[in-house]
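An overview of the molecular structure
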Amino acid sequence: GAQAADFEVSENTTLTLGGEVVLNYLYEKKTNGENDTDFKDDGSKVVIGGTRDLGNGITAFAEAEFEYNTLGNNDDVKRDGSILGFAGDFGEVAIGASDNVFEDLITDAVDPFENASLDGASLTEEDSMLTYYSPDMDGFSFRLQGRHNNRDGGESAEISLIAAAEYDFGPVAIAAAYDSRGSEDSTESDDFKSQDHVVGIAAVAQLSDRFEASARFAQENDQAGNDTDYTAIALSYNYGGGDLYGAAQSVDPSNGDSNTQTAAGINYEIASDVVIFAEYGDLDRKATDGKTFAESDTDKLGVAGLIYEF
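Scope of this entry: the structure provided in the associated data block. None of these values were measured; they are calculated from a predicted model.

So, on to the packing of aromatic side chains. A ring pair, where both rings are aromatic, is described by two values, the distance of the centres and the angle of the planes. Tallied over the entire structure, the rule returns five aromatic pairs. A centroid spacing of 6.3 Å and a plane angle of 35° characterise the contact between Phe 140 and Phe 142, whose relative ring orientation is tilted. By relative accessible area, which is 26% here, Phe 142 ends up partly exposed. For the pair Tyr 167 and Phe 169, a centre-to-centre distance of 4.5 Å together with 55° between the ring planes defines the contact as tilted.

Here is the structure:
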């Protein structure tokens, strides 16, 4: 969180405590035509972390996130993710539930939303990751990532490999990424379901102090030889008290009809680290030739929410 508190335990060790509260009121129109409204906690969490100076320019860090429900709908408190890492002149190495680097540089390039995010390519899950972040080399940097996933019983582990690179020219940054996706857990057995790779490129341009434009293209392949193209653009304008933003995307499968998704939103900082926002998304998830959606999928949504970071 923006106001996370640091506690110096010793000369070389610092503990950090922070988090956020996220409350949303949602309206959703499902692909089966039904409407639904929901007032919910959308991922409130507490974050506990620590850093230690190991000497020789190397710092060790650890962090754990715990999700809870502010509204009291349930009493569950669960660990959402944790990570251990080392940073220095060599860059950074992280072990644990790191963000997928394809998502960081490609998917998120056109995702300014809290809830109304457009569809993205299916990616490797974010656990059991080993990630390397290079230092900045005159604007160029890269990220390498691997996931080791054990089958139940310890048999035949599957591995995913992800790589991403970015060059920041100043007003414009360009990125490219690859995710082998390896295999994912089958819902029907302990076996793995094989997947093919995902590739993507993205560009983010700072057009002025207040105006940012971005674009991305990603292609998702499957074992049957089909592919789905995701082509999107996004715009964001800072009006002083917050941001006005929107995005549009074409989802084009090789074996069916394409669909067009649009979304827009606005946020406003009503006090230090307290933000309210409103978003609307038309995700165009109606069934078409060659493409179907579950009856519970969201076709259109509207949301008003509050975020408090501490």
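Now, onward.
Here Asn 56, not a glycine, exhibits a phi torsion of approximately 55°, which is positive. Take Asn 56: it is sitting in the loop between strand 4 (45-55) and strand 5 (58-67). Even without glycine at this site, Asp 284 takes up a positive phi of about 50°. Assignment of secondary structure puts Asp 284 in the loop between strand 19 (274-282) and strand 20 (298-309). You can call Asp 284 partly exposed: its relative accessible area is 24%.

On to the pairing of strand 1 (residues 5-8), then. Here four bridges tie strand 1 to strand 2 (residues 13-30), and the two strands are oriented antiparallel to one another. Of the residues in strand 2, the one forming a bridge with Ala 5 is Leu 17. Linking strand 1 to strand 2, which pair antiparallel, is a turn of four residues.

A separate point is a nonpolar patch on the surface. Taken together, the side chains of Tyr 237, Tyr 239, Leu 244, Ile 266, Tyr 268, Ile 270, Ile 276, Leu 306 and Tyr 308 make up a nonpolar region of the molecular surface, amounting to roughly 770 Å² of accessible area. Listing elements by their share of the nonpolar patch, those giving two or more residues are strand 18 (259-271) and strand 20. In terms of residue count, the dominant contributor to the nonpolar patch is strand 18 (three residues). Within the secondary structure layout, Tyr 268 lies in strand 18.

Attention now goes to the nonpolar core. With 19 residues, the main nonpolar core has Phe 102 and Ile 106 as its most contacted residues. Looking at this core, the elements with two or more residues in it are helix 1 (101-105), strand 8 (129-133), strand 10 (158-168), strand 11 (172-179) and strand 14 (198-206). The element that contributes the greatest number of residues to this core is helix 1, accounting for three residues. Beyond its immediate sequence surroundings of up to four residues, Phe 102 is in contact with Thr 107, Leu 123, Ile 162, Ala 177, Tyr 178, Asp 179, Val 198, Val 199, Gly 200 and Ala 218. Within the second largest apolar cluster, 16 residues are counted, among which are Leu 26, Phe 113, Leu 118 and Phe 277.

Scoring rules and cut-offs
- Residues numbered from 1 in each chain as written.
- Predicted model: local features only at pLDDT ≥ 70, side-chain atom pairs only at ≥ 80, totals over all residues.
- Heavy atoms only, no water.
- Phe/Tyr/Trp six-rings, centres within 6.5 Å; stacked < 30°, edge-to-face > 60°.
- Buried < 20%, exposed > 50% of the residue type's maximum accessible area, 1.4 Å probe, protein only.
- Helix = DSSP H or I, 4+ residues; strand = E, 2+ residues; numbered from the N terminus.
- Pairing = 2+ DSSP bridges.
- Patch = residues over 30% accessible without salt bridge, like charges linked within 9 Å, V, L, I, M, F, W, Y side chains within 5 Å.
- Areas by Shrake-Rupley, 256 points an atom, 1.4 Å probe, with all protein chains shown as cover.
- Salt bridge = Lys/Arg side-chain N within 4 Å of Asp/Glu carboxyl O.
- Core = buried A, V, L, I, M, F, W, Y, C linked by side-chain atoms within 4.5 Å.
- Contact = heavy atoms within 4.5 Å.

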